[in-house]
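Examination of the molecular architecture
One-letter residues, chain by chain:
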Amino acid sequence: MESKDIELEVPPEDQQESLQDPPPEKARKEGEEEGEDEFDFGPAVYDENLYGKPLTYDKNFKGPIKDRSCTDIICCLLFLIFIVGLVVVAFFAFKYGDPRLLVYPVNSNNEICGYGKQLGKPYLLFFDLVACGRMGMGVFVTGCPTPQICVAACPTENKVIVSLTDTVNDLKYCKDDFDAASSSKSVENILKDEDCAAYWFKSQPLINRCVPSFLIDVLEKGKNLATEISNSNANATDANGNPYNSAVMEGGLSVYGTFLKAKEYGEKIIEDVVTAWWMILIGLILAMIFALIWIIIMRWIAGFMVWFTILAFISLFGFSTGWTLYQYYQLKDTDQSFHIQFSVIQMTMSKPKLFLAFGIISGIILLIAVLILLFLCSRIRIAVSLIKEGSRAVGTMMFTLICPIFPFFLQIVVIGFWLTVAVFLASTGRNQSFEFNNSSNYKYPNGTYDYDKIKGATSQFFGQACDNTSLSASEFCSFLKNQEENFVLYSQIFNLFMMFWLVNFVVALGQMTLAGAFASYYWAFEKPKDIPAFPILSSLWRCFRYHLGSLAFGALIIAIVQMIRLLLEYVDAKLKGKENPVAKFFVKCLKCCFWCLEKFLKFLNKNAYILIAAHGKNFCTSAKNAFMLIMRNIVRVVVIDKVTDFLLLISKLVVVAFAAASSYFFFDGRIEFLASFTPSLNFYVVPIVLVTLGSYVIASCFFSVYEMAVDTLFLCFLEDLERNDGSAEKPYFMSKDLRKILGKKNVISPSDKKEF
């Protein structure tokens, strides 16, 4: 029987006796002394008081343990209970929520226009649109302080009701429960009681709202709002018949102009996506093919591809540094600038300063890359060997390349479910308290609106907490309290937390499945003969059968940290504009600390999942053992594992750069033979951004297999070094290439040679 990966040597007869029963410590020491060369990457740290005892030889361990028991059962039960809670929240949201409330307008009676009693009346008309606009941006969330009714068609003329000359027959737009013709009220009293609209503009439907035509003209034709109001002879009065001057009208209606412009950009972006969707899809497919080709090439010529990647990276930033600095020196005495204008947003950037900034950034990145290359050159060669070993493992189990697809789609399902439940929950809390709209707290004694108070109340929705003095008086704060009492807010928080937990659970499931498969590969003495059949399915079965609790435990820890980080982001946003630098400093420090904590826990969790997949112990024990093993080999971990991660990151960036550059040249019409296929777009940057983001996701999925392969093989490699010494009783399981780099060998006696 031959083995391609295990090199066995027969020692001379005069040395056979000394090799029969060598002490483990002596054998390990001799092996290390024999293997010292320029490629060794530091001795392991054996401080038993701090990092525990090194692992000892276990003759029964031949790879992932099959005879194992369920782990972390309590956490598994807790996870199932929380899932039941999520189902209850989803049921509450689906039963009482109506997403149409977020799209279709609602009148003052909380009735959706175009549905139910308002069937045939799909458009919303505001009695006093100027008063609505004077509230500021809060009008789009909290509603308008004047009545709103559903109408079958928007007004086709400008009209102001004059109580002295107009009759009840001229009152075209009134509340549903009010009949002007049969009412005994005078026109003046009808307008004061806001039973009918005092004025209306010639309007067009926009998102089912009646919007003055001159506003749309301002948007589409770029005209001046004040000029359009004057030219259209549009006049307006409040409920008491007091006319609005042109300045008040312009200020009140400008908010709608901002909203319409934002809507315009949204529609143009959607239009670009619809126009170029098949081209975006082709771009993503090409990115996937390029990533597969890159991986296949790395399998056979990993060394060349890694060095080519590094040199390409350095060359790219070297060229970028030189070219940008050259442009700076050419333009430093000029006033040239870039102008970017999106109607609402206008940006002007100096060309010399921009090129100087890019030159400095590129230069810093180039310097870091060159220093890493100079000081870690020999370590990179070891990392190349690990990548080759990972390539062989992936090549032996090709189905591992499609494994990330399933967790990726599961994450999409989880996020999609979260969004759906969040939308339904948001719609349950959208029923506005229209008593607030008519509250006397927001009116002067003469009946006119106090817009300062209205803005103050509506701004609470955007992050300013209600102060204690106005908490009981503010109807808006009462509205928020009512929503809290209805558990809408708490349900949203719970739904968000479960999204974090489930997404991290799916990530953990994918990592442990791959770890089990690659551990089976490493601990196979003869590769691929000793690799068990269906290693991926076997590993997945062990995850579901024994370790759901451990997966949920690790995911729960990450989810809690992510929720704390989200809370800190909220607090940081609340402190913006506040004169409290001490609080800001502590919040920034906490944000930094929890970011580092999340990164550390993700790293520790991944290594814990590797040991769980191999040994079948619970999460805490595995995390502890993984941490101790890493600390005993900290030099190896830092130099090899992190350099490998860096090289794989560069590979991702190469795939993304290929996709981004290709999409840029195509959509910008710079590829001549494809120019006839280039679409006419509003913003050609939209498909470029989508292709770039999509290619990054695709590259992350494929290279995550390599990352997990290298991490698993490396951790198993560290175990192998501690458990075995290369003797006949305890041979190394590592490949010949790794043993050659370390200068280690497997030795057997002549009597055992026939077995191999």
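Look a little higher up for the structure.
Residues numbered from 1 in each chain as written. Predicted model: local features only at pLDDT ≥ 70, side-chain atom pairs only at ≥ 80, totals over all residues. Heavy atoms only, no water.

The subject of this paragraph is the environment of Asp-179. Within the element layout of this structure, Asp-179 appears in the loop between strand S4 (159-160) and helix H8 (187-192). Between the C-alpha atoms of Asp-179 and Asp-195, which are 16 residues apart in sequence, the distance is 9.0 Å. Within the local environment of Asp-179, its side chain forms a polar contact with the backbone nitrogen of Ala-181, the two atoms lying 3.3 Å apart. (Helix = DSSP H or I, 4+ residues; strand = E, 2+ residues; numbered from the N terminus. Polar contact = N/O pair within 3.5 Å; in protein donor to acceptor, adjacent residues only side chain to side chain.)

Once that is clear, we can look at the pattern of salt bridges. Across all of its chains, the model carries 15 salt bridges by this definition. A salt bridge links Asp-193 to Lys-185; the shortest N-O distance between them is 2.8 Å. On the accessibility criterion, Asp-193 (41% relative accessible area) is partly exposed. Arg-632 is the salt-bridge partner of Glu-722, the closest N and O atoms lying 3.0 Å from each other. In this pair, Glu-722 is assigned in helix H24 (residues 685-723) and Arg-632 in helix H22 (residues 619-632), connecting sequence segments 90 residues apart. Classification of Glu-722 as buried rests on a relative accessible area of 1%. Residue classification places Arg-632 among the buried residues on the basis of a relative accessible area of 3%. Taken together, the salt bridges that share partners define one network made up of Glu-569, Asp-572, Lys-588 and Lys-591. (Salt bridge = Lys/Arg side-chain N within 4 Å of Asp/Glu carboxyl O. Buried < 20%, exposed > 50% of the residue type's maximum accessible area, 1.4 Å probe, protein only.)

With that settled, consider the packing of helix H21 (residues 581-615) against H24. Where H21 meets H24, the closest approach of the two axes is 10 Å, and the angle between their N-to-C directions is 65 degrees. In the packing of H21 onto H24, the handedness of the crossing is right-handed. Residues Lys-606, Asn-607, Ile-610, Leu-611 and His-615 of H21 touch H24, and the partners they reach there are Met-708, Asp-711, Thr-712, Leu-715, Glu-719 and Arg-723. Of the residues contributing to the contact of H21 with H24, the split by class is 4 nonpolar, 3 polar and 4 charged. (Axes fitted to C-alpha atoms, helices over the stretch in contact; angles between N-to-C directions. Left-handed = near helix turned anticlockwise from the far one by under 90°. Contact = heavy atoms within 4.5 Å. Nonpolar A, V, L, I, M, F, W, Y, C, P; charged D, E, K, R; others polar.)

What follows concerns the state of the cysteines. Considering all chains together, one arrives at 3 disulfides under this definition. Between the sulfur atoms of Cys-154 and its disulfide partner Cys-210 the distance amounts to 2.2 Å. Linking Cys-154 and Cys-210, the disulfide has an S-S dihedral of approximately -90 degrees and is accordingly described as left-handed. Remark: Cys-210 occurs in strand S7 (residues 209-212) and Cys-154 occurs in the loop between strand S3 (148-151) and S4; sequence separation between them is 56 residues. Cys-210 carries the same exposure label as Cys-154, and that label is buried. Cys-174 shares a disulfide with Cys-196; S-S distance 1.9 Å. Of note, the bridge from Cys-174 to Cys-196 carries an S-S torsion of about 100 degrees and is right-handed in sense. With Cys-174 in the loop between S4 and H8 and Cys-196 in the loop between H8 and strand S5 (199-200), this residue pair connects regions lying 22 residues apart in the sequence. Residue Cys-174 shares its accessibility class with Cys-196, and that shared class is buried. This cysteine, Cys-593, is not joined by any disulfide, and Cys-592 carries the nearest cysteine sulfur, 5.7 Å off. (Disulfide = S-S within 2.5 Å.)

Every α-helix carries 3.6 residues per turn, so stepping three or four residues along brings you back to the same face. Over its 14 residues, H22 extends 20 Å from the first C-alpha to the last, a length consistent with the 20 Å expected when each residue adds 1.5 Å. Listed as buried for H22 are Phe-619, Ser-622, Ala-623, Ala-626, Met-628, Leu-629, Ile-630 and Arg-632. Capping of H22 at its N-terminal end is provided by Asn-618; its side-chain oxygen lies 3.3 Å from the backbone amide nitrogen of Cys-620. (Expected span 1.5 Å × (residues − 1).)

Along the chain, Ser-491 turns up in helix H18 (residues 488-522). The exposure class of Ser-491 is buried, given its relative accessible area of 10%. With near-sequence residues (within four places) excluded, Ser-491 lies in contact with Val-89 and Leu-425.

Our next topic: the pairing of S7. Side-chain positions along a regular strand alternate between the two faces of the sheet. Examined bridge by bridge, strand S6 (residues 203-206) and S7 share 4 bridges and lie antiparallel to one another. The residue bridging Leu-206 from the neighbouring strand is Arg-209, located in S7. Where S6 folds back onto S7 in an antiparallel hairpin, the turn is made up of 2 residues, including Ile-207, whose phi is positive at roughly 55 degrees. (Pairing = 2+ DSSP bridges.)

Before going further, it helps to examine unusual backbone geometry. Here the phi dihedral of Asp-72 falls at roughly 50 degrees; this positive angle occurs in a residue that is not glycine. Following the sequence through the fold, Asp-72 ends up in the loop between helix H3 (48-51) and helix H4 (73-96). Residue Asp-72 is classed as buried on the basis of its relative accessible area of 17%. Backbone geometry places Phe-534, a non-glycine residue, at a positive phi of 50 degrees. Looking at where Phe-534 falls in the secondary structure, it is placed in the loop between H18 and helix H19 (535-546). The exposure class assigned to Phe-534 is exposed, which follows from its relative accessible area of 63%.

Within the structure shown, the criterion is met by 24 aromatic pairs. Between Phe-82 and Trp-501, the aromatic rings sit 5.4 Å apart at their centres with planes inclined by 70 degrees, giving edge-to-face as the arrangement. Here Phe-82, found in helix H4, pairs with Trp-501, found in helix H18; they are 419 residues apart in sequence, far enough to count as distant. Under the relative-accessibility criterion, Trp-501 is labelled buried at 0%. Between Trp-523 and Phe-733, the aromatic rings sit 5.3 Å apart at their centres with planes inclined by 65 degrees, giving edge-to-face as the arrangement. Taken together, the residues span a long stretch of sequence, with Trp-523 in the loop between H18 and H19 and Phe-733 in the loop between H24 and helix H25 (736-742) at a distance of 210 residues. Both residues of the pair, Trp-523 and Phe-733, belong to the buried class. Every member of this aromatic cluster is reached through a ring pair, and the members are Phe-79, Phe-82, Phe-494, Phe-497, Trp-501 and Phe-505. (Phe/Tyr/Trp six-rings, centres within 6.5 Å; stacked < 30°, edge-to-face > 60°.)

What follows covers the packing of H4 against helix H20 (residues 548-575). It is the contact of H4 with H20, at a shortest axis distance of 7 Å, that shows an interaxial angle of 70 degrees. Relative to H20, the element H4 is oriented roughly perpendicular. Between H4 and H20, the contacting residues are Cys-75, Cys-76, Leu-78 and Phe-79 on the first element and Leu-548, Gly-549, Ala-552, Phe-553 and Leu-556 on the second. Residue classes in the contact of H4 with H20 are distributed as 8 nonpolar, 1 polar and no charged. (Parallel < 35°, antiparallel > 145°, perpendicular 65-115°, else oblique.)

Further remarks concern the environment of Trp-294. Here Trp-294 is to be found in helix H11 (residues 246-331). Judged by its relative accessible area of 7%, Trp-294 falls in the buried class. In this view, Trp-294 contacts Met-305, Phe-308, Thr-309, Ser-651, Val-654 and Phe-703; residues no more than four positions away in its chain are not counted.

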